[in-house]
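Read off the chains here:
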Amino acid sequence: MIILIGGDTHTGKTLLAQKLLERIGFPYLSIDHLKMGLIRVGLTELTAESDDKALTDFLWPIVREIIKTNIENSQNLIVEGCYIPFDFTESFSPEYLRVIRYVCLAFSTHYIDEHFDYICTHESAIEKRIGNSGLMRDELKEANRVNAEMCNRYSLKCLLIDNDYNADDLASAVEELL
C-alpha cells in the first residue's frame, strides 16, 4: 500500500506521516528531504525557494519511480509533500493505482483566521525549520483554497481542517481509506 499525503506548507503532512508510522508501521518519505538532498549534492540548480511548479516538475518523476519500485516489491510506503501533482493518477497504470491512496490536507479560511498564530508556532512540530518561514496569512488562505478546489476537480480526497487540528483524528481518517 502506498499512501500519498499532499497539501500546502504548514498543514501537518509530516506530522500525519509520523502518526501513521506509529499507528500502522508504514515508513515514510518526506519529499522535502529528497529535495534538499538533491539540492545539496548539486544535482539541480533549483533551490529550496524555487517555484513549486519547477520543483514538482523536477521531483515528481523521481518520486513516481520510487513509488513504482515499492509497489513492485510489495512494500508499504507513505510519501508526503507538497510536490505531488493533482494529476498524479496519470503517472500510473490501473494495477499501480489499486494500491495507492491519496489524501490532501487543507485548512479552511476560517481555521486560518482563527488559528494562524498556532499554525506558525507549530511549524516545527516534527521537522526543525531553520529561521522564520515568513508564512503569510493571505497566501496560506489562497493556497489552501486552491488545493481544496483541485482535489474537487480531480476527485481526490481532501481532509478539510476547519475547527481543531488533531493529528490522531486525521490519522484515523486516513486509516479508513486503507
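On a predicted model such as this, the values are computed, not experimentally measured, just so you know.

Details of the overall build of the protein chain
Phase 1: Along the backbone of the protein chain there are seven helices and five strands.
Phase 2: Mapped in sequence order, the helices and strands of the protein chain form the string β-α-β-α-α-β-α-β-α-α-β-α.
Phase 3: By the compact-globule yardstick of 16 Å for 178 residues, the protein chain fits well, its C-alpha radius of gyration being 16 Å.
Phase 4: With respect to the three principal axes, the spread of C-alpha positions in the protein chain is 45 × 40 × 30 Å.

Comments concerning the packing of helix α2 (residues 31-40) against helix α3 (residues 52-72)
Phase 1: The geometry of α2 relative to α3 is characterised by a closest axis approach of 11 Å and an angle of 110 degrees between their N-to-C directions. By the angle between their axes, α2 is roughly perpendicular relative to α3. In this structure, α2 meets α3 at a crossing whose hand is right-handed. Of the residues in α3, those touching α2 at Ile 31, Leu 34, Lys 35 and Leu 38 are Leu 55, Phe 58, Leu 59, Ile 62, Val 63 and Ile 66.

Describing the pairing of strand β5 (residues 158-161)
Phase 1: Residues of β5 alternate between two faces, with Leu 159 and Ile 161 buried on one and Cys 158 and Leu 160 left unburied on the opposite face.
Phase 2: Relative to β5, strand β4 (residues 100-107) is paired through four bridges, and the arrangement is parallel. Its bridge partner being in β5, Phe 107 is matched across the sheet by Ile 161.

As for unusual backbone geometry
Phase 1: Backbone geometry places Ser 74, a non-glycine residue, at a positive phi of 55 degrees.
Phase 2: In this structure, Ser 74 sits in the loop between α3 and β3 (77-80).
Phase 3: In this model, Ser 155 sits at a positive phi of 55 degrees, which is unusual for a non-glycine residue.
Phase 4: Relative to the elements of secondary structure, Ser 155 occurs in the loop between α6 (137-153) and β5.

A short note on the sheet that holds β4
In a beta sheet, neighbouring strands are held together by backbone hydrogen bonds and run either parallel or antiparallel to one another.
Phase 1: The strand order across the open sheet built from five strands is β2-β3-β1-β4-β5, with neighbouring strands paired in parallel fashion. Two strands lie at the open edges of the sheet, namely β2 (28-30) and β5, each paired on one side alone. Sheet twist, expressed as the mean angle between neighbouring strand axes with direction ignored, is 20 degrees.
Phase 2: Bridge count between strand β1 (residues 2-7) and β4: six bridges; the pairing is parallel. Bridging from a neighbouring strand, Ile 5 pairs with Val 103 of β4.

Structural notes on the pattern of salt bridges
Phase 1: Scanning the model with the defined rule gives 12 salt bridges in all.
Phase 2: Between Arg 23 and Glu 175 there is a salt bridge, with its nearest N and O atoms 2.7 Å apart. Residue Arg 23 is located in helix α1 (residues 13-24), and its partner Glu 175 is located in helix α7 (residues 167-177); the two are separated by 152 residues in the primary sequence.
Phase 3: The partly exposed category is assigned to Arg 23, whose relative accessible area is 35%.
Phase 4: Assessed through its relative accessible area of 28%, Glu 175 is described here as partly exposed.

Criteria and cut-off values
- Residues numbered from 1 in each chain as written.
- Predicted model: local features only at pLDDT ≥ 70, side-chain atom pairs only at ≥ 80, totals over all residues.
- Heavy atoms only, no water.
- Helix = DSSP H or I, 4+ residues; strand = E, 2+ residues; numbered from the N terminus.
- Rg over C-alpha atoms; globule rule 2.2 N^0.38 Å.
- Axes fitted to C-alpha atoms, helices over the stretch in contact; angles between N-to-C directions.
- Parallel < 35°, antiparallel > 145°, perpendicular 65-115°, else oblique.
- Left-handed = near helix turned anticlockwise from the far one by under 90°.
- Contact = heavy atoms within 4.5 Å.
- Buried < 20%, exposed > 50% of the residue type's maximum accessible area, 1.4 Å probe, protein only.
- Pairing = 2+ DSSP bridges.
- Salt bridge = Lys/Arg side-chain N within 4 Å of Asp/Glu carboxyl O.

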